[in-house]
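Next come the chains, spelled out residue by residue.
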Amino acid sequence: MRKRHLPLLVLAALMVTGLAHAQPPAGIARPGNEASIPLLSLGAQLFAGNCASCHGSDGRGISARDPQRGAGDIEGIGPSLRGVGARAADFYLRTGRMPLTRADEEPNRELVQFDGRELHALVAYVASLAPGPPIPTPQPQIGSVPEGLELFTTHCAGCHQVVAEGGIITGARVPPLDKSTPTEIAEAVRIGPYLMPAFSTKTISDSDLNSIIAYVQSAKHPDDRGGWGIGHIGPVPEGLVTWLIAAVAVVAACLVIGKRLGS
């Protein structure tokens with residue numbers, strides 16, 4: 001009898017696990033009965049519970065270490081969010097870069113901490129603090145991939161590499177762009193997250209930005225006409241593999257020659 005019930009118990013456990021993973025991760029302060037709360041009020045409550053420790057209760061930022069720890073026992077210090085608009089809020093929240101566990105850590109792409117309605121509510125609330133730029137709507141389909149390659153090489157490849165695979169620079173890890181959506185790329189170019197510089201429309205026009213995004217999208221699935229891409233991180237790994245193969249070939253040749261001379 002127990003053996004009969006075992007598959008059912010396993011299936012039930014898997015279903016419970018699946019439901020648990022379908023929910024937003026723990027550690028986020030949420031009000032009860034979210035569905036009945038108006039969007040802007042929900043955003044204000046989520047902000048108070050998860051963002052105010054670093055950015056201040058009114059979004060004006062905290063310029064010095066606050067001895068009073070806030071939500072999640074975080075002793076934070078963060079910039080003002082007034083005037084950043086929906087653009088910056090959407091980028092940092094939708095990529096899981098916020099909220100941080102420590103104010104001094106590098107914001108990297110992580111698992112998103114909020115569900116769709118919560119994201120919408122938080123972005124709307126931050127945008128309501130003061131007038132600011134909206135979420136961009138890039139059009140990479142009208143951009144030029146060759147022009148995008150040239151622009152990306154000029155402005156971005158120094159850190160992200162020409163194939164947008166990311167890397168390491170002084171004081172930061174540069175993320176790869178393989179998971180970035182066109183909207184996220186457009187947001188990042190304009191706001192300059194972490195150590196990345198912000199590019200105005202005078203430096204990179206909206207038309208140029210469309211071409212850059214078109215190139216980045218194409219770089220996610222490159223045509224390796226030269227052979228094996230080996231991670232698409234440039235000529236170094238290809239060179240190392242070539243030298244390794246050459247070394248093995250030379251050793252094999254020496255063994256053959258030595259054997260023949262010895263006989």
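Residues numbered from 1 in each chain as written. Predicted model: local features only at pLDDT ≥ 70, side-chain atom pairs only at ≥ 80, totals over all residues. Heavy atoms only, no water.

## Structural notes on the overall build of the protein
Step number 1: Helix and strand counts for the protein stand at 10 helices and 2 strands.
Step number 2: Of the regular secondary structure in the protein, the N- to C-terminal order runs α-α-α-α-α-α-α-β-β-α-α-α.
Step number 3: Looking at the protein residue by residue over its 263 residues, the buried ones come to 32%.
Step number 4: Within the protein, contacts between residues separated by at least 24 positions form 57% of all contacts whose residues are at least 6 apart in sequence.
Step number 5: Carbon and sulfur atoms provide 62% of the accessible area of the protein, an area that totals close to 16100 Å². (Helix = DSSP H or I, 4+ residues; strand = E, 2+ residues; numbered from the N terminus. Buried < 20%, exposed > 50% of the residue type's maximum accessible area, 1.4 Å probe, protein only. Contact = heavy atoms within 4.5 Å. Areas by Shrake-Rupley, 256 points an atom, 1.4 Å probe, with all protein chains shown as cover.)

## Concerning the state of the cysteines
Step number 1: Counted by the stated rule, this structure contains 0 disulfides.
Step number 2: The closest cysteine sulfur to the non-disulfide-bonded C54 is located on C51, 8.7 Å from its own sulfur. (Disulfide = S-S within 2.5 Å.)

## So, the side chain of E184
Step number 1: As for its placement among the helices and strands, E184 is situated in helix α8 (residues 182-191).
Step number 2: For E184, a relative accessible area of 7% corresponds to the buried category.
Step number 3: Setting aside anything within four residues of it in sequence, one finds E184 in contact with F91, R94, T95, R109 and K179.

## Quick word on the packing of helix α4 (residues 85-94) against α8
Step number 1: Where α4 meets α8, the axes come as close as 9 Å, and the angle between the chain directions of the two elements is 120°. Regarding the angle of α4 to α8, the classification is oblique. In this structure, the crossing between α4 and α8 has a hand that is left-handed. Taking contact as the criterion, the partners of R87, A88, D90, F91, Y92 and R94 in α4 are, on α8, T183, E184, E187, A188, R190 and I191.
Step number 2: Taken together, the residues of the contact of α4 with α8 break down into 5 nonpolar, 1 polar and 6 charged. (Axes fitted to C-alpha atoms, helices over the stretch in contact; angles between N-to-C directions. Parallel < 35°, antiparallel > 145°, perpendicular 65-115°, else oblique. Left-handed = near helix turned anticlockwise from the far one by under 90°. Nonpolar A, V, L, I, M, F, W, Y, C, P; charged D, E, K, R; others polar.)

## What to know about α4
Step number 1: For α4, the buried fraction is high: 9 of the 10 residues fall into the buried class.
Step number 2: Turning to α4, its buried residues number three or more, namely G85, A86, R87, A88, A89, D90, F91, Y92 and L93.
Step number 3: Close packing links the buried residues of α4 with α5 (116-129) and α8.
Step number 4: Looking one or two places after α4, you find G96, whose phi comes out positive at around 75°.

Treat this as a map of the structure, not an account of what it does.
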